[in-house]
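Close look at the chain arrangement
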Amino acid sequence: MEKREVVKILSEISTLLELKGENPFKSRSYSNAARVLEGTPDDLAALTSDDRLEGLKGIGEGIGKKIRELATTGTLVYYEELKSGFPPGILEMLRIPNLGPKRVKILYEKLDVKSVAELEYACNENRLLTLPGFGEKSQDNILKGIELVRRSSNQFLFSDAWEEAEPLLEALRASRKVAEASVAGSLRRRKEVVKDIDIVAASEHPEDVMDLFCTHTSVDEVLEKGSTKSNVRLKCGIAVDLRIVPVEAYPFLLHHMTGSKNHNIAMRSRAQKMGLKMSEWGLFDKSGRSMACRDEKEIFAALGLDEIQPEMREDMGEIEAAEEHALPALISREDLAGVLHCHTHYSDGISTVEEMVKRAAELGFAYIGISDHSQSAGYAGGLKEADLQKQWKEIEQVQRKYPSIRILKGTESDILVDGSLDYPDAILRKFDFVVASIHSRFNMDEDEMTARILKAIENPYTTIVGHPTGRLLLGRDPFKVNIDKMLTAARKRGVAIELNANPQRLDLDWRFLKKAKEMKVAITINPDAHSVHGISDVEYGCGIARKGWLEAGDVLNTKDAAELTRFAEAHRGHS
DNA sequence: GCCGTTTTCGGCCCGACTGTTTTCAGTCG
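Residues numbered from 1 in each chain as written. Chains lettered and ligands numbered in written order. Predicted model: local features only at pLDDT ≥ 70, side-chain atom pairs only at ≥ 80, totals over all residues. Heavy atoms only, no water.

With respect to the side chain of histidine 341
Spelled out, the test is: Note on conventions: DSSP H or I runs of at least 4 residues are helices, E runs of at least 2 residues are strands, and numbering of each starts at the N terminus. Definition of a polar contact: a pair of N or O atoms within 3.5 Å, with one able to donate and the other able to accept a hydrogen when the atoms are protein atoms, and with sequence-neighbouring residues admitted only if both atoms are side-chain atoms. Contacts between residues were defined by any pair of non-hydrogen atoms, one from each residue, lying within 4.5 Å.
Relative to the helices and strands, histidine 341 is located in strand E11 (residues 338–342). In this structure the side chain of histidine 341 is engaged in a polar contact, spanning 3.0 Å, whose partner is the side chain of glutamate 412. Here glutamate 498 takes part through its side chain, which lies 2.7 Å from a polar atom of the side chain of histidine 341. Contact partners of histidine 341, with chain neighbours within four places excluded, come to Gly369, Ser371, Glu412, Phe433, Val435, Glu498, Asn500, Asn526, Pro527, Asp528 and Ala529.

Here it is, written out as structure tokens:
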């Protein structure tokens, strides 16, 4: 069984326990265990082979045993029994906003409603009005919620949410009544996919600011409006929360709303153990006196911690590291010396070689790697040998015109079904670098796919494995590959692993980056640009690299072009 | 169900808003 499936079952158990009305802390321990398991880079087989599983904080004897049962037998008696107590459609009702386990339980027990469709029917017959705790408003809101769930998946790419957040933030900052404002929540933490947008502000006139916010042109509907908190839905479908506090509480609000939830719980538990109480309003001692903090750094310091960057606040070891002064100095966009993996109109890009080079130079890069698709990639206009000759000539001309930036000749070669690359060696050796990527037969089983990729890694001409799991966020699941084996082979052979910065990919996932770093595997943050605009996508990649605790030294394209070509040459020397 | 520099038992983060209620439960983050 895949770890992903175990994670799903654990969180489902958590939900079912809530529905059952069990001890909420018991339910929480299952969702916590699911999160912890998801966050560890190791696969299930590695975790269950020794005592490492129960060593994870949040997985004890009980849940550990259940995970082992799932890993060895593929099923879990406890889960099956729990599940059989409820009709199968009941979980989908929980996706409706503002409808939680308590009220779903009432709907099921009193009205025998077992699915979203039945719930809709019951609403239309006004049958909810008779229930305790329900009224006309709730019934209307549930109908609206059903509409919303049907219309969208309720999840958005980071890049899309970011683009919506920026004008809102600018409008707030432009107001004289706003002292400070920032994006918070998962967007500030740079999660690859977000559910909503959180914005925080400091103001002495919160009502006026709320009015400004709720009447912004991008707002479609005001869902909630108070003096310190409002919630709206934008025309594009994303919900936005705005919280406002006075200036002195602002750093606490910013920290609180940035989360993650589990990071906050850990921070507040820590405060509690120190005899303090922490909330979005401040940090208070036993007598209720508030301790002034001018920024987040001072909040962390008050709890005996180094400042933790927002991207790392996932309660995945950052608090322990902050306590031991062992936090990494995270990479930033300015650390990148050059960009690799760029397409042009020769294959499926839309910009010319010169346009791409000019743009990269404007962005301050010292080199750019052109890597169009290879000959078998008919779907993307892959280059035949004659096209390559033509492109190389063109690159040499452009190079003369732009002496300040080095142009590297590369290719994004398909990894063919048998693991070989898509050009003969005589051509491959002419490239400065080769990105090897899977673009076909995604449905292979794990052993086959792993063998296919390992063979590509062993090819002396491979420099980088491109988008190593092939996922499309909100679109296509990653293909099955043993990441551990891939990283081990990459390290051994001196091949880099791509962190593809396209906002739809962001692949390799940040949860594996930390592991790659520990294994000293070189990572390249590549734009996979298909136009001049795509080059700056490396910014998204840097956000994900930071979530994976990467420092400048862990990333290959922070080095200069000479070092990069030496890296490529070194692998060729291996053969 | 998990966990322990107060504890192996008894805790488990904290507050805002809504809708339903006459003081609060449910939901969310």
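The rest of the description comes next.
Here we look at the packing of helix H8 (residues 116–124) against helix H9 (residues 136–151)
Selection criterion: Angular values range over 0 to 180 degrees, each being the angle between N-to-C directions of two axes fitted as lines to C-alpha atoms, with helices fitted over their stretch in contact. Rotating anticlockwise by less than a right angle from the far helix to the near helix defines a left-handed crossing, while the corresponding clockwise rotation defines a right-handed one. For this classification, Asp, Glu, Lys and Arg are treated as charged, while Ala, Val, Leu, Ile, Met, Phe, Trp, Tyr, Cys and Pro are nonpolar and the rest, including Gly, are polar.
At their nearest, the axes of H8 and H9 sit 10 Å apart, and the two run at 145° to each other. In this structure, H8 crosses over H9, and the sense of that crossing is left-handed. Contacts between H8 and H9 involve Val116, Ala117, Leu119, Glu120, Ala122, Cys123 and Asn124 from the former and Gln139, Ile142, Leu143, Ile146 and Arg150 from the latter. Classifying every residue of the contact of H8 with H9 by side-chain character gives eight nonpolar, two polar and two charged.

Notes on the packing of aromatic side chains
Heads up, the condition is: Each Phe, Tyr or Trp ring, with Trp reduced to its six-membered ring, pairs with another whose centre is within 6.5 Å; inter-plane angles below 30 degrees give stacked pairs, above 60 give edge-to-face pairs, and intermediate values give tilted ones. In this scheme, a residue with accessible area under 20% of its type's maximum is buried, one over 50% is exposed, and one in between is partly exposed, where area comes from a 1.4 Å probe on protein chains only.
Tallied over the entire structure, the rule returns seven aromatic pairs. Ring geometry for phenylalanine 442 versus phenylalanine 479: centroids 6.1 Å apart, planes at 20°, classification stacked. Taken as a pair, phenylalanine 442 in the loop between strand E14 (433–437) and helix H20 (446–458) and phenylalanine 479 in the loop between strand E15 (464–465) and helix H21 (483–493) lie far apart in primary sequence, 37 residues in all. Relative accessible area serves as the criterion here: at 6%, phenylalanine 479 is assigned to the buried category. Ring pairs connect the aromatic residues Phe158, Trp162 and Tyr540, which therefore count as one cluster.

With respect to a negative patch on the surface
Basically, it comes down to this: Patches here: salt-bridge-free residues with over 30% relative accessible area, like charges joined within 9 Å, nonpolar side chains (Val, Leu, Ile, Met, Phe, Trp, Tyr) joined within 5 Å. Surface exposure here means Shrake-Rupley accessible area, sampled with a 1.4 Å probe, where a residue is shielded only by the protein chains that are shown. A pairing counts as a salt bridge when a side-chain nitrogen of Lys or Arg comes within 4 Å of a carboxyl oxygen of Asp or Glu. Within this scheme the basic residues Lys and Arg register as positive and the acidic residues Asp and Glu register as negative, but His and the chain ends are omitted. Charge coordinates come from a single atom per side chain, which is NZ of Lys, CZ of Arg, CG of Asp or CD of Glu.
A surface patch of like charges, here negative, comprises Asp160, Glu163, Glu166 and Glu170. Since its relative accessible area comes to 39%, aspartate 160 is described here as partly exposed.

Re the domain arrangement of chain A
What counts here: Bear in mind that the domain bounds are from an automatic or database domain assignment. Each of two parts loses accessible area, computed with a 1.4 Å probe, when they are put together; buried area is these two losses added.
Once the domains are mapped, chain A shows domain 1 (3–85), domain 2 (156–245), domain 3 (253–323) and domain 4 (333–574). Summarising the inter-unit geometry, the C-alpha centres of domain 1 and domain 3 are found 28 Å apart. Tallying the contact residues gives five residues for domain 1 and six residues for domain 3. The junction of domain 1 with domain 3 conceals about 350 Å² of combined surface from both sides, 38% of it contributed by carbon and sulfur atoms. Summed over the three residues of domain 1 that lose the most area to domain 3, namely Arg28, Arg35 and Gly39, the buried surface amounts to 85% of that side. Run the count over domain 1 and domain 3 and you get two salt bridges. At the surface where domain 1 touches domain 3, the tally comes to two residue pairs in polar contact (both at pLDDT 80 or more). Taken together, the residues that form the side of domain 1 that touches domain 3 break down as no nonpolar, two polar and three charged.

Describing the layout of surface pockets
So the rule is basically this: A cavity here means a set of points on a 1 Å grid, drawn over the protein atoms and nothing else, where a 1.4 Å probe fits but cannot get out; a pocket is an open set with protein on both sides within 12 Å along at least five of seven lines, and a residue lines either one if it has an atom within 4 Å of a point. Grid points are joined across faces, edges and corners, and a volume is the space filled by probe spheres set on the points.
Its boundaries defined by the atoms lining it, the second largest pocket holds a volume of some 290 Å³. Forming the walls of the second largest pocket are 16 residues, and the residues nearest its centre are Arg491, Lys520, Val521, Ala522 and Phe567. Residue composition of the lining of the second largest pocket, by class: eight nonpolar, two polar and six charged.

Remarks on the pattern of salt bridges
Throughout the structure, instances matching the rule amount to 34 salt bridges. The residue lysine 229 makes a salt bridge to glutamate 224 at a minimum N-O spacing of 3.6 Å. Exposure remark for glutamate 224: the relative accessible area of 36% places this residue in the partly exposed category. Between glutamate 298 and arginine 294 there is a salt bridge; the shortest N-O distance is 2.6 Å. You can call glutamate 298 partly exposed: its relative accessible area is 24%. For arginine 294, a relative accessible area of 71% corresponds to the exposed category. Because the salt bridges share partners, they merge into one network encompassing Asp42, Arg52, Asp484 and Lys515.

Comments concerning the nonpolar core
Burial of nonpolar side chains together is a common tendency in soluble globular proteins. Filter applied, for reference: The term nonpolar core refers to a set of buried residues drawn from Ala, Val, Leu, Ile, Met, Phe, Trp, Tyr and Cys, joined through side-chain atoms within 4.5 Å.
Core analysis: the biggest nonpolar cluster contains 94 residues, and Leu242, Ile368, Ile453, Ile497 and Ile525 have the highest contact counts within it. Per-element accounting of this core gives the leading share, six residues, to helix H10 (residues 158–174). Two domains share this core, each providing at least three of its residues, namely domain 2 (156–245) and domain 4 (333–574). In contact with isoleucine 368, not counting residues within four places along its chain, are Val339, Cys342, Met356, Val357, Ala360, Ile405, Arg406, Ile407, Leu408 and Ile535. Of all hydrophobic cores here, the second largest spans 43 residues; its members include Leu19, Val36, Leu53 and Val113.

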